[in-house]
Amino acid sequence: MERKRAAASEVFTNQFIQQQAPAQTAAATIDAFGDMDEMQRSEPSGFANSKFCMRVKSSEELQMEKEPLKVRETGVWLWKHIIVPPNAYVVHTRIGKKEPITIGLGVSFRYNPYKDAYLVVPAAMQTIGVVANCITKEKQGINILAYLQWQIDDFSVAYRKLDFSDLRDPLGIVNAQLSEQAEAAIKDKISTMSVEEVLTDKAPIIEELTTRLKTVAEGRGGEKDEGLGIKIITVQIRESLVSSQRLWQDLQAQFRHQQARAARVSELTMQAEIRQKELETRQANEIGEAETRVAIERIKQSKETEAANLRISEEMTRFNKEQEAARQKIREEEETSVVREQSQQRLQQQAAEMAQARELGALRQAHEKTLESDTLQTEAIGSKIVLQHKDDELEAQIMEAKLARQQKEHAVQSDLEEKTNQLKLAFQRQELENARLHQEIRNLANERDLLRNLIERLPELAAQMPDIHELRVFQTDNGNAAVDTFTSFLAKTLSIAESFGISLKKEASHREEA
């Protein structure tokens, strides 16, 4: 079993190395140092494989390399003791006992070699590597390397349903069984998926594998389905490789071509930008030289113009100052005359304002007296209006109260009539429903029900029937169907008549006597 698991792991590792070695060689040829190409060619062919082989061992390999679980036996003969490690489950049975004497994790016990038997199983989590050579729905081969981790959950169920008989590796058979179930589940799921789906999204595979293994290991959740006593901790897909090297290159071709196209476009764009930048730089240099010459000439002309303007401005300044002095003298004389006239007008205006203020004071006093009398009259009229409004509001409230009481009485009366009508309607509906049910019962009384009722009343009919004084048997020729039918009809008629108390024999005798 160990050889089978080790061989499965080695197969997938070799496939992975064979597919990765060409890529590693190609990558070395474009190394930045330039010497890697020669080094790669000069190295032996097994160099790439050796680099991949010098890898960290997986948990499954370490698990297979470890020593068997050590259980110590102490004492002699009937006084032996079994010392169980704390990380191991043990079940201890005895002749004549239906249930185990000892069961649990790391429980030591006394041992009688003539009557007792025991089983020790590791309690540690187990890792199983799964290598599945699958076929997708496009009929293409793909190799899947997965692993699952499980642990004993209920040892009282597990030791009865699983095979732990291998003394060196008690869990080896269980690991092989789970590995086969996982491999079958992976193949079933991948057969419904495309190569692209397998390579890009492994979640459906993990979900399907987890569901199937948990259903087997942990049960379906019913009261009687307790599973195998183990629990699935995790299920993961480590790698997925396409079996066909040509198909793998075809799958990568689109991406590689896109990258090559993007690189070529980027290179062409860079060259175009460099040429455009060179032309722009040349144009800027020539424009700068021309602008420099123009600027020098402009500076010369501007300096000459500034000198002429300076002479003209000095002459204009001198003339402006002389004219400004004359205008200032005239302005001061005009301002003096204006100030004098404004002073006289201001005095006249002040006298007129004082007279107007006296007249306004007299008018204001007369107006205030008139306003006081009007205010008193207005307040008297307002108090009368307020009283009138209060009377109107009181009457309106009384009318509203009467109206509300009438509305409530009307509403109560309407509710009472509505409830009465509803009760009548419900009573009529109940009567109709009862009549419908009775009619359905009568309609459902078919031939079988009538026959059952007849059978139930047979004792009563038999009690009322007269005693049987004579029994007649009619036998006819079996070859004539018409005679058989007629005789059976006569027999049935006579039996029915006699069951109702009609004696045809007596009536015939009475006719003869008459």
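Relevant structure appears above.
Keep in mind that what you see is a predicted model, and the values were worked out from it rather than measured.

### A look at the pattern of salt bridges
- Taken as a whole, this structure holds 10 salt bridges when the rule is applied.
- One salt bridge connects Lys-187 with Glu-183, and the closest N-O pair in it is separated by 3.3 Å. Of this pair, Lys-187 and Glu-183 both sit in helix H6 (residues 172–190), 4 residues apart, roughly one helical turn.
- The partly exposed category is assigned to Lys-187, whose relative accessible area is 33%.
- Here Glu-183 falls in the partly exposed class, since its relative accessible area comes to 23%.
- Between Arg-327 and Glu-324 there is a salt bridge, with the nearest N and O atoms lying 3.0 Å from each other.

### A few points about unusual backbone geometry
- You will see that Trp-77, though not glycine, has its phi angle at about 50°, which is positive.
- In this fold, Trp-77 is placed in the loop between strand S1 (72–74) and strand S2 (80–83).
- Overall, the relative accessible area of 49% leaves Trp-77 in the partly exposed class.
- In this model, Lys-139 sits at a positive phi of 65°, which is unusual for a non-glycine residue.
- In this structure, Lys-139 sits in the loop between strand S7 (126–135) and strand S8 (141–152).
- Assessed through its relative accessible area of 64%, Lys-139 is described here as exposed.

### Some remarks on the packing of H6 against helix H8 (residues 203–218)
- Packing of H6 against H8 brings their axes to within 9 Å, and their N-to-C directions diverge by 140°. Of the possible angle classes, the one that applies to H6 and H8 is oblique. As for how H6 packs across H8, the hand of that crossing is right-handed. For the pair H6 and H8, the contacting residues are Leu-178, Gln-181, Ala-182, Ala-184, Ala-185, Ile-186, Asp-188, Lys-189 and Ile-190 in the first and Pro-204, Ile-205, Glu-208, Leu-209, Arg-212, Leu-213 and Val-216 in the second.

Each value, and the rule that gives it
Residues numbered from 1 in each chain as written. Predicted model: local features only at pLDDT ≥ 70, side-chain atom pairs only at ≥ 80, totals over all residues. Heavy atoms only, no water. Salt bridge = Lys/Arg side-chain N within 4 Å of Asp/Glu carboxyl O. Helix = DSSP H or I, 4+ residues; strand = E, 2+ residues; numbered from the N terminus. Buried < 20%, exposed > 50% of the residue type's maximum accessible area, 1.4 Å probe, protein only. Axes fitted to C-alpha atoms, helices over the stretch in contact; angles between N-to-C directions. Parallel < 35°, antiparallel > 145°, perpendicular 65-115°, else oblique. Left-handed = near helix turned anticlockwise from the far one by under 90°. Contact = heavy atoms within 4.5 Å.

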